[in-house]
There are 2 protein chains.
Amino acid sequence: MTLPRTPPSTPPRTAPRDPKQDRSRATRRRLLEAAVACLAEHGWTRSTVAVVAERAGVSRGAAQHHFPTREDLFTAAVEHVATERSAALRALHVRERQERERAERERGGAEVVGLVGVLVDLYTGPLFRAALQLWVVASYEEQLGARVAALEARIGRETHRMAVELLGADESVPGVRESVQGFLDMARGLGLANLLTDDRARRDRVVAQWARILDDALRAPN
Amino acid sequence: MTLPRTPPSTPPRTAPRDPKQDRSRATRRRLLEAAVACLAEHGWTRSTVAVVAERAGVSRGAAQHHFPTREDLFTAAVEHVATERSAALRALHVRERQERERAERERGGAEVVGLVGVLVDLYTGPLFRAALQLWVVASYEEQLGARVAALEARIGRETHRMAVELLGADESVPGVRESVQGFLDMARGLGLANLLTDDRARRDRVVAQWARILDDALRAPN
């Protein structure tokens, strides 16, 4: 994969800019974002390369230049989902660390409820919906299955690591690792519960209660 | 819906038996079970009425006699999933109550870890996989959407009620209701994590840890 590690909208200032390459990157990015949106809204069957190209405002030829097959396009889109999620988590982490430092200065503690809510929110947006469509298709489409499983394992490890950092959990304490894992499983389940109906009101109450439970579990583990 | 509340394999002993009606019920049941298996293994797109009929060993005409449209077949299959899950939960509940009474006689307490594991197991089998395929398709197929959402709401309420009974939770205590809800969300998330890979080893560790945490939360709620 040649996806840039930094978002394309902020290229290194020192590199000489190539307008043609910039346009190519922008086209690629538009296709990936359209693929994720199509998957989230219409599912796998209706998300053909032609539909994605039209949504992205890109010619079918240009789409096929970037992604020769449908599997190429959607595998790259999953990679894009992963990169976007990581970027969101990283941004969260920096902002959170700053807020935590401020909170610690002001009143000596961080708000675990807010953190838990923000982590759960990662599982209720269009990125999660698209990933869910892919997981489900990958469960019976062999060509996608292995790729998506490997990617999911990587995303799972990264999400776990970020959650541990965000929550300030000490994984050297027995049980803490499983406490964080179970919490992320709950976040995934809450995302699934939000698929057919707007589940926000119930979810907010569950998150408030489970933030308290998780806080107790992380501070005084079994 | 005319699905019997008791499993068709155990009709009321006092009712006169009608062999033709028995055969019709058996055919219907074979079609529903084949529909669930097809959905779990092959997803919506490949689960046509013809494929389900062939798997059930039923002629296409007989399948269409029972279910005029594809939506009819799969909506009934969802109902079947719900009925099967309820029956499994009811069976669990009776067995568990017997075991709990025995345990209380023997050593004065019930094993919440085993209960939590059994509840989580409901989300990792073919019934959950089929339901997941339907939820995902229902998220963009309008004809299925409203039916599946209504059914899911009903199943969700029933599952919650059974979990409360099984765990011996007292919902009059503030926070207990949300503790049980969050646990069922976690079980759903664990089911999803099991979709692409065999997640049992990790799941067992998470369940062991969260059974302890849930036990504490239910006994000494916030």
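Residues numbered from 1 in each chain as written. Chains lettered and ligands numbered in written order. Predicted model: local features only at pLDDT ≥ 70, side-chain atom pairs only at ≥ 80, totals over all residues. Heavy atoms only, no water.

Identification of chain A as TetR/AcrR family transcriptional regulator from Streptomyces milbemycinicus is taken from an unreviewed UniProt entry.

This next bit is on empty space enclosed by the protein. In total, this model carries six cavities of 30 Å³ or more according to the counting rule given. A volume near 70 Å³ is recorded for the largest cavity. Taken together, A:Trp44, A:Thr45, A:Gln133, A:Val136, A:Val137, A:Tyr140, B:Trp44, B:Thr45, B:Gln133, B:Val136, B:Val137 and B:Tyr140 make up the full set of residues lining the largest cavity. For the lining of the largest cavity, the elements supplying multiple residues, two or more each, are helix H1 (19-46) and helix H6 (126-138) of chain A together with helix H1 (19-46) and helix H6 (126-138) of chain B. (1 Å grid on protein atoms, 1.4 Å probe; cavity = no way out; pocket = protein on both sides within 12 Å on 5 of 7 lines; lining within 4 Å. Points joined across faces, edges and corners; volume = space filled by probe spheres on them. Helix = DSSP H or I, 4+ residues; strand = E, 2+ residues; numbered from the N terminus.)

Next up on the list: the interface of chain A and chain B. By a widespread convention, an interface's size corresponds to the accessible area lost as its parts come together. With 46 residues of chain A at the interface, the matching set in chain B holds 46 residues. The interface formed by chain A and chain B contains four salt bridges. Between B:Glu141 and A:Arg46 there is a salt bridge, with the nearest N and O atoms lying 3.1 Å from each other. One can count 17 residue pairs in polar contact (both at pLDDT 80 or more) joining chain A with chain B. By residue number, the principal contributor to the side of chain A that touches chain B is helix H8 (residues 176-193) of chain A, which donates 12 residues. Across the side of chain A that touches chain B, the residue classes tally to 21 nonpolar, 13 polar and 12 charged. (Contact = heavy atoms within 4.5 Å. Salt bridge = Lys/Arg side-chain N within 4 Å of Asp/Glu carboxyl O. Polar contact = N/O pair within 3.5 Å; in protein donor to acceptor, adjacent residues only side chain to side chain. Nonpolar A, V, L, I, M, F, W, Y, C, P; charged D, E, K, R; others polar.)

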